[in-house]
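# Report on the structure
Here's the letter readout for the chains.
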Amino acid sequence: RTTGASAEAIARISLSGDQKRRLLELIEASNLLEFVRALTPGSRLPPDFFPTWIRKAGGYFPKLAQVLSVRADLIHDREVLEQLARCMEEMPLRPTREVRDLLERQAWPAAVCDGVGEGLNAGTVAQVNELTLPDGRRVVVKVAWLDISRQMQTDFRLFEHAQSILSALRLEGEQAASVAAMFAAVGRNEAAVL
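The shown structure was predicted, so the numbers you read here are calculated from the model rather than taken from an experiment. (Residues numbered from 1 in each chain as written. Predicted model: local features only at pLDDT ≥ 70, side-chain atom pairs only at ≥ 80, totals over all residues. Heavy atoms only, no water.)

### Describing the packing of aromatic side chains
Operational definition: Here the aromatic set is Phe, Tyr and Trp, taking the six-membered ring for Trp, and pairing holds for ring centres within 6.5 Å; pairs whose planes are under 30 degrees apart are stacked, those over 60 apart are edge-to-face, and all others are tilted. Buried, partly exposed and exposed residues are distinguished by accessible area as a fraction of the type maximum, computed with a 1.4 Å probe on protein chains only: under 20%, between the cut-offs, and over 50%, respectively. Only DSSP runs of H or I reaching four residues or more are called helices, and only runs of E reaching two or more are called strands; each is numbered from the N terminus.
One pass over the full model with this rule turns up nine aromatic pairs. For the pair F49 and F50, a centre-to-centre distance of 5.1 Å together with 80 degrees between the ring planes defines the contact as edge-to-face. One exposure class covers both F49 and F50, and it is buried. Summarising the aromatic geometry, the rings of F61 and F159 are spaced 5.7 Å apart at their centres and angled 90 degrees between planes, so their arrangement reads as edge-to-face. Of this pair, F61 sits in helix 5 (residues 61-68) while F159 sits in the loop between helix 9 (146-158) and helix 10 (162-168), placing them 98 residues apart in sequence. An identical accessibility class is assigned to F61 and F159; each is buried.

Take a look at the structure:
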């Protein structure tokens with residue numbers, strides 16, 4: 001099932017297996033069409049629409065929100081810009097155990113991993129936790145989540161096909177061109193993001 005999209009049109013887009021899976025996830029589970037329509041002028045949104053949608057979709061979308069939140073040249077609705085800016089606030093923290101497990105897989109000494117404490121802040125691909133070193137010094141450790149990085153890479157590759165995807169979602173003309181320009185603006189920042 002593809003909400004508001006032609007399954008046949010989506011199947012014609014030349015995508016890798018990961019990209020197809022991600023696109024279907026975005027269309028079906030996250031309702032990509034609703035997100036794209038919300039970016040267009042004149043849409044009426046609940047106050048938390050973008051922060052909720054962005055966190056649910058994950059991957060590239062928190063970074064998309066960050067870039068678009070300062071692009072009044074692309075998005076002329078102040079409310080939409082404000083919601084996009086809020087998307088980077090209070091990103092969900094992963095449990096301390098996951099931070100320890102990641103550090104252990106990267107061959108950090110067990111005594112150091114045991115000192116991982118509370119999560120302090122989370123961003124799009126990483127988070128910062130307290131860390132008490134074996135000698136008692138308190139520092140912080142920043143870990144990057146490889147699964148999120150891989151998902152972002154898939155999303156960047158996926159949205160190279162933005163115009164075809166938007167057509168499959170039955171968005172064309174000026175509306176599609178405007179949204180495609182937004183995806184392209186983020187795409188130009190891929191190296192800095194990853």
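Okay, back to it.
### Focus on the pairing of strand 3 (residues 138-144)
The line we're drawing: Strand pairing is assigned whenever DSSP detects at least two bridges linking the two strands.
The sheet contact formed by strand 2 (residues 126-132) and strand 3 spans seven bridges and is antiparallel. From the neighbouring strand, N129 faces strand 3, where its bridge partner is V141. Joining the antiparallel neighbours strand 2 and strand 3 is a turn of five residues, in which G136 adopts a positive phi near 95 degrees.

### Here's the deal with the nonpolar core
The tendency in soluble globular proteins is for nonpolar side chains to be buried as a group. Here is the rule we go by: We define a nonpolar core as any set of buried Ala, Val, Leu, Ile, Met, Phe, Trp, Tyr and Cys residues linked to one another through side-chain atoms lying within 4.5 Å. Contacts are assigned to residue pairs with any non-hydrogen atoms lying within 4.5 Å of each other.
By size, the foremost hydrophobic cluster in this structure holds 59 residues, and its most contacted members are L32, F35, F50, F61 and F159. In terms of residue count, helix 11 (residues 173-187) provides more of this core than any other element does, six residues in total. Not counting residues within four places of it along the chain, the set of residues in contact with L32 comprises L23, L26, I27, W53, F61, F159, I165 and L169.

### Here we look at helix 9
Each α-helix winds once per 3.6 residues, and so residues spaced three or four apart point in a common direction. What counts here: For a helix, the expected span equals 1.5 Å multiplied by the number of residues minus one.
Relative to the 18 Å expected for 13 residues at 1.5 Å per residue, helix 9 spans 18 Å between its end C-alpha atoms, a close match to the ideal helical length. Taken residue by residue, helix 9 has I148, M152, T154, D155, F156 and L158 as its buried positions.

### Here's the deal with the pairing of strand 1 (residues 116-122)
Two faces, one strand: in a regular strand the side chains alternate between the faces of the sheet. Pairing of strand 1 with strand 2, which is carried by four bridges, proceeds in the antiparallel orientation. Residue pairing across strands places N121 opposite V128, the latter belonging to strand 2. Linking strand 1 to strand 2, which pair antiparallel, is a turn of three residues.

### So, the sheet that holds strand 1
Note the following rule: Axes here mean lines fitted to C-alpha atoms, for a helix over just the part in contact, with angles spanning 0 to 180 degrees between N-to-C directions.
Strand order in the open sheet formed by three strands is 1-2-3, with antiparallel pairing between adjacent strands. Strand pairing shows two members of the sheet lacking a second neighbour, strand 1 and strand 3, which therefore form its edges. Sheet twist, expressed as the mean angle between neighbouring strand axes with direction ignored, is 30 degrees. Packing of helix 7 (residues 96-105) onto the sheet brings it into contact with strand 1, strand 2 and strand 3, and relative to strand 1 it is tilted by some 105 degrees.

### Overview of the packing of helix 4 (residues 49-57) against helix 6 (residues 78-86)
Here is the rule: Relative orientations are named as follows: roughly parallel for angles under 35 degrees, roughly antiparallel for angles over 145 degrees, roughly perpendicular for angles from 65 to 115 degrees, and oblique for any other angle. Helix crossings fall into two classes, left-handed where the near helix is turned counterclockwise from the far one by less than a right angle and right-handed where it is turned clockwise. Gly falls in the polar group here, along with every residue not listed as nonpolar (Ala, Val, Leu, Ile, Met, Phe, Trp, Tyr, Cys, Pro) or charged (Asp, Glu, Lys, Arg).
One can describe the packing of helix 4 onto helix 6 by two numbers: an axis separation of 7 Å at closest approach and a directional angle of 40 degrees. By the criterion of interaxial angle, the relationship of helix 4 to helix 6 is oblique. The handedness of the crossing between helix 4 and helix 6 comes out as right-handed. Residues F49, F50, P51 and R55 of helix 4 form the contact with helix 6, whose participating residues are V80, Q83, L84 and R86. Across the contact of helix 4 with helix 6, the residue classes break down as five nonpolar, one polar and two charged.

### Looking at the environment of A11
Within the secondary structure, A11 is located in helix 1 (residues 7-12). The exposure class assigned to A11 is exposed, which follows from its relative accessible area of 56%. Measuring from C-alpha to C-alpha, the distance between A11 and A168 comes to 9.2 Å, with 157 residues separating the pair along the chain.

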